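Each chain is listed here by its residues.
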Amino acid sequence: MIYKNLIRITAILFLFITPSLVQAQIGGLGFDLPHPKKYENRQLRSEKTGEKKFTIPRRFMQNTTTHYNFFFNANEKLKEVIARAKEAHTDDYTKLLSFYNYKLEGTAQYKNDLDSVIYKATAGILLHDLRSNWVDNLYLLMGEAYYLKKDFDSAYLTFQYLNYAFSPKEKDGYDKTIGSNSNEGGTAYSISTNEKTNIAKELLSRPPSRNESLVWQVKTFIANDELPEAAGLIQTLKYDPLFPKRLKPALDEAQAWYFYKQQAWDSTAAYLEKALDNTASKQETARWEYLIAQLNEATGKHETAKMFYERVIKHTIDPVMEVYAVLNSIRQNNGTDEKAVQDAVNALAKMGRRDKYIVYRDIIYFTAAQIELDRKHDSSAKVFLEKSIRYSVENPRQKSKSFLALADLDFAQRDFINAKRFYDSTDASIIAPEYLEAFKTRKNALTIIAAQQMVINRQDSLQRVAAMPEAERTAFIKKTLRQLRKQQGLKEDDQSFGTNNPGFPGSNNNVATDLFGSSTAKTDWYFSNVSLKSKGFTEFRSKWGNRPNADNWQRSAAIKQQGVPRNASDPNQAGGAAGGQSTYTEGVLSFESLRDKLPLSPEKLKASDDSILHARFELAKALQDHLEEYADAITAYEQLRSQFPGSVLEEQTLFNLYYCYKKIGNEQKMAEVKHLMDTRFGNSKLTGIIKNPVPTDTARKQEGTQLYDQVYNLFIEGRFDEAVAKKNAADSLYGKYYWTPQLLYIEAVYYVHQRADSAAKADLNSINNQYPNTPMAAKARALMDVLNRRAQIEDYLTKLQVERIKDDSTTAQPVATGRPLIQGPVVTTTAATGKDSLQAIKKDVTNNKPNPPKIIPDSLAAKKPVATVFVNEPDQPHYVVLVMDKVDPVYINEAKNAFTRYNKEKYYNQQIDVTPLALTDNTRFILMGTFNNSASALDYLDKARKLAPSEIIPWMPVPKYSFIIITSSNLDVLNNSKDVPAYKKFLIQHFKESFK
């Protein structure tokens, strides 16, 4: 104690003896505040600044009271607001983490506390001498409070004032120009304050807040989505020679957030790693390491991701984060190596058996199921999902995720009964808002479909049993009866109980029975009769098993059983009715009651067939109308026609078939169904509708078509936010009635570009299911294949090593090393341009010599004098050009890929390079060629122009593109004039037949 007091006394004496160490941070501050009339002759202490000398005792008192009465309390309250916002924040480790572990919406809720911080900071400034050491620190607190309130304008003004008021001054008090070399002398341009530190100053004072305010200004820009301003200030501070080293991690953090907002994951990971020293705790360090691992995984750097996940395991104190880190670390083996994938699945299965992870088994098995789903091992995925559900006791959200995954899997396999059960068990709160309506639609539709499917299964099973030989049928009924009685805890030979009264005492000729229906001549009270008690206990345990000593155990057990997956296709359930209930619930349970259910008479068989007929029709109609799964509806209708030819529902069935075939674009089948309708029901109303379609609600149809055309154009032009918003609004009005395969395809391309792979796959699957016979279906399947191999392709491109050709090289040669995973162009460099270009170097089979390098347009090569008029040179090499108007680069690249594939298929023996070129902001070219002369270019153009709308780029609206041919010299003229209409007139003048 004495030792501590000596230290305090020494520190105070040192403060008085060395005033130079605690010089006040004077920044040209002064206030002219209006006073209430009652206090108009009174001055605040801040207004008296400069009237008295700032002596050592005065300095000590001002610094002490400002620090501990105002700054300390305000700072603690600010920390408390952030801490409460962090406590309210919950991370979902299955998704990319947010950058910070709190949200500004959360801190803004504590408005009163933040106003209190601003009030205390203001009071601390106004009630004390402005030469105090803590004035700048109070301004920083004030700015931070405004920032946490999401009052970004006030925060910016506060930080900006701190920047100007406390900038370096001349000896006479005048301001120095910020950002000039007059601040520190020499030639260094700096906006920072030079922090001349020594040991005594670090111990006895807080660093000046002006430099920190510059970092907070960056964060304010980013939070307010003013990213260009943030980028400019970041670059200025990065190369500022006076910016203090202590704030470098804070600046790296701000820059990481800047890149995070732009979804530049690789740059975010790089700067966030540098900012790890700026975290407030070890747990926050682990959280950022988890985010770094996720970012590296997103960019295909699986080894780095695995390293950071392993660092998280060592550092985190959150068991949930640890489990997910372990899971994701194992998942990094999920690459192209099948053995590595299997090792990852085995590791997860082993992890699930360890006692250490018993609480997290549901998460572990769910992750294993996801890996199995990715590699199309559906049966194994089902097993893992069922385990996840079984072990999901205190994690209802995870349980719902597993139910949803099982439901989606069963729906994809067209097991509608089980899909319906699992969708019913899914909590809708886990569904993303944009998919909630589709989820509800599917769930409601499956209620109808599953009910009809159960009718079909039950009647089919009853008819199969009825068709058995009598002896075999009798044995089967007896076996089923024994099973049902055992399920209900009844004796095999006891015929006195129906299922309406199971397990209760009955009467048989007035013979006394015990609690379980056994006869007893004694009149002893049950609980006094040891024999009866022992027998009752044994029978109870055989029927119900070992039960806990708790209330409502039977009800609880029934509720839990609802979530246990069962095999709905088990023919031994429901008296042999596949997909039926597992217990008999109607009438008296006896041999006769079961036999009476069978369609043994012609009347009963007719009733059974009618049940199946109507159930099949209702099932198909629900698929058609509610789910719009036209291919499945067609299958169901065809099954109905095959099983019941000439039925009473044949006319309606054929009419619905015609509609479904029309929706998928199968004109051949439409013609066949129309012919059948005309032949069998020539004079019916439905046949008349097919022959002469009556326009229904023409105005609404036109309105819907126009609205979706607008959505289509918005997507093509790259106005994605508007397109998505307008499409959602249109869907709410029209459902999916006016969707086209082209619209779904371009939306899928957009989602691929946004890395929303699940949404893209949903659109592509819709094309394949609803429009299987259209040209878009083949393109959807091709894109789906590429999408499924995205990680493999990106991993290859990441590891691809490319060496540039030396400047004195005269021949372009492919020099990419490594074994390619996909066939395609390689990166080379040409001496003509000195730039990278994509060239497909093909070799001649006979002489094994590479083709000569492609001809580069003059507009893309070195500049040379450009002509000003177009010249007709039909014998010169020509390009065929796809001219696009207001088309987003996403779809320009897709068009380029489409023509590259077209050239490889149709012109495999020619080298036709495909090169994008931006003429203006709105007009983009794709150059193809070159061709030897105008005649060969026109031949290519005529064929491509005919196939473009149907095969090559059927997803792009025809008004958005056109074709021209052009020479290199004319391309230079056009690139200079930008006048495409003038060049098209030139083409019409010289090639009238091809450009009318």
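Above: the structure in question.
Cut-offs and rules
Residues numbered from 1 in each chain as written. Predicted model: local features only at pLDDT ≥ 70, side-chain atom pairs only at ≥ 80, totals over all residues. Heavy atoms only, no water. Helix = DSSP H or I, 4+ residues; strand = E, 2+ residues; numbered from the N terminus. Buried < 20%, exposed > 50% of the residue type's maximum accessible area, 1.4 Å probe, protein only. Pairing = 2+ DSSP bridges. Phe/Tyr/Trp six-rings, centres within 6.5 Å; stacked < 30°, edge-to-face > 60°. 1 Å grid on protein atoms, 1.4 Å probe; cavity = no way out; pocket = protein on both sides within 12 Å on 5 of 7 lines; lining within 4 Å. Points joined across faces, edges and corners; volume = space filled by probe spheres on them. Nonpolar A, V, L, I, M, F, W, Y, C, P; charged D, E, K, R; others polar. Salt bridge = Lys/Arg side-chain N within 4 Å of Asp/Glu carboxyl O. Expected span 1.5 Å × (residues − 1). Contact = heavy atoms within 4.5 Å. Polar contact = N/O pair within 3.5 Å; in protein donor to acceptor, adjacent residues only side chain to side chain. Axes fitted to C-alpha atoms, helices over the stretch in contact; angles between N-to-C directions. Core = buried A, V, L, I, M, F, W, Y, C linked by side-chain atoms within 4.5 Å. Parallel < 35°, antiparallel > 145°, perpendicular 65-115°, else oblique. Left-handed = near helix turned anticlockwise from the far one by under 90°.

1. As for unusual backbone geometry
Here comes step 1: Following G929, the chain continues into T930 via a peptide bond in cis, with omega recorded as 10°.
Here comes step 2: With respect to the secondary-structure elements, T930 resides in strand β5 (residues 923-931).
Here comes step 3: Despite not being glycine, R414 has its phi angle at roughly 60°, a positive value.
Here comes step 4: Tracing the backbone shows R414 in the loop between α18 (396-412) and α19 (416-424).
Here comes step 5: For R414, a relative accessible area of 27% puts it in the partly exposed group.

2. What to know about the pairing of strand β4 (residues 913-918)
A regular strand places its side chains on the two faces of the sheet in alternate fashion.
Here comes step 1: In the sheet, β4 pairs with β5 via six bridges, with the strands oriented antiparallel. Paired with A918 across the strands is R924, a residue of β5.
Here comes step 2: Following β4, the chain reverses through four residues before pairing antiparallel with β5.

3. Concerning the packing of aromatic side chains
Here comes step 1: In total, this model carries 35 aromatic pairs according to the counting rule given.
Here comes step 2: Between F99 and W257, the aromatic rings sit 6.3 Å apart at their centres with planes inclined by 20°, giving stacked as the arrangement. In this pair, F99 sits in the loop between α2 (56-88) and α3 (104-107) while W257 sits in helix α10 (residues 248-261), placing the two residues 158 residues apart along the sequence. Just as F99 is buried, W257 falls in that class too.
Here comes step 3: An aromatic cluster is defined as three or more aromatic residues linked by ring pairs; in this entry it consists of F99, Y100, Y102, W257, Y260, W265 and W288.

4. Considerations on empty space enclosed by the protein
Here comes step 1: Following the criterion strictly, the structure yields one cavity of 30 Å³ or more and no others.
Here comes step 2: Each pocket or cavity is described by its volume, and for the largest cavity that value is around 40 Å³.
Here comes step 3: V871, N872, E873, H878, I965, I966, T967, N970, Y983, F986, L987 and F991 are the residues that line the largest cavity.
Here comes step 4: Counting residues per element, the ones that place at least two in the lining of the largest cavity are β6 (961-967) and α39 (980-990).
Here comes step 5: Partitioning the lining of the largest cavity into residue classes produces seven nonpolar, four polar and one charged.

5. What to know about the pattern of salt bridges
Here comes step 1: Taken as a whole and assessed by the stated rule, the structure comprises 27 salt bridges.
Here comes step 2: Residue R414 is joined to D632 by a salt bridge in which the shortest nitrogen-to-oxygen separation is 2.5 Å. With R414 in the loop between α18 and α19 and D632 in helix α26 (residues 630-643), the pair connects residues that are 218 residues apart, well separated along the chain.
Here comes step 3: Under the relative-accessibility criterion, D632 is labelled buried at 18%.
Here comes step 4: Residues joined in a network through salt bridges with shared partners are K77, E80, R84 and D113.

6. Focus: helix α16 (residues 361-374)
Here comes step 1: For α16, built from 14 residues, the straight-helix expectation of 20 Å at 1.5 Å per residue is met to within 8% by its first-to-last C-alpha distance of 20 Å.
Here comes step 2: The set of residues buried in α16 consists of R361, D362, I363, I364, Y365, F366, T367, A368, A369, I371 and E372.
Here comes step 3: Elements that come into contact with the buried residues of α16 comprise α14 (319-331), α15 (338-353), α17 (378-390) and α18.
Here comes step 4: After α16 finishes, the residue K376 shows a positive phi value of roughly 65°.

7. Some words on the pairing of β6
Here comes step 1: Counting buried positions over the seven residues of β6 gives seven, a clear majority of the element.
Here comes step 2: Judged by which residues are buried, β6 turns out to be covered on both faces: Y961, F963, I965 and T967 on one side and S962, I964 and I966 on the other are all buried.
Here comes step 3: Sheet topology note: the strand β3 (residues 878-885)/β6 ladder contains seven bridges and is antiparallel. Across the sheet, V880 pairs through a bridge with I965, a residue of β6.

8. Digging into the side chain of T279
Here comes step 1: Mapped onto the fold, T279 is located in the loop between α11 (265-274) and α12 (282-298).
Here comes step 2: Only 3.0 Å separates the side chain of T279 from the backbone oxygen of L276, close enough to count as a polar contact.
Here comes step 3: Side chain to side chain, T279 and T285 meet in a polar contact 2.5 Å long.
Here comes step 4: Ignoring any residue separated from it by four or fewer positions in sequence, one finds T279 in contact with E284, T285 and W288.

9. Here we look at the sheet that holds β4
Here comes step 1: Taken together, the four strands give an open sheet; going across it, the order is β4-β5-β3-β6, and neighbouring strands pair in antiparallel fashion. With one partner strand each, in any of the chains shown, β4 and β6 form the two edges of the open sheet. Between one strand axis and the next, the sheet turns through 25° on average, direction left out of account.
Here comes step 2: Along the sheet, helix α36 (residues 889-906) contacts β3, β4, β5 and β6; its crossing angle with β5, the most-contacted strand, is approximately 20°.
Here comes step 3: Seen against the sheet, helix α37 (residues 934-952) touches β3, β5 and β6 and runs at an angle of roughly 170° to β6.

10. Regarding the nonpolar core
Here comes step 1: Within the largest apolar cluster, 147 residues are counted, with the highest numbers of intra-cluster contacts made by F99, Y147 and Y290.
Here comes step 2: For this core, the element with the highest residue contribution is helix α5 (residues 135-148), accounting for 10 residues.
Here comes step 3: For Y290, the residues in contact, after removing those within four places along its chain, are Y93, L97, Y309, V312, M321, Y324, A325 and N328.
Here comes step 4: Counting residues in hydrophobic clusters, the runner-up holds 72 residues, among them A777, V880, V887 and Y891.

11. Some details on the packing of helix α25 (residues 602-625) against α26
Here comes step 1: Viewed as axis vectors pointing N to C, α25 and α26 meet at an angle of 165°, and their least axial separation amounts to 8 Å. Taken together, α25 and α26 sit at an angle that is classed as roughly antiparallel. For α25 against α26, the interelement crossing comes out left-handed. Contact residues: I612, L613, R616, F617, L619, A620, K621, L623 and Q624 in α25; Y630, D632, A633, A636, Y637, Q639, L640 and Q643 in α26.
Here comes step 2: In terms of residue class, the contact of α25 with α26 is built from 11 nonpolar, three polar and three charged.

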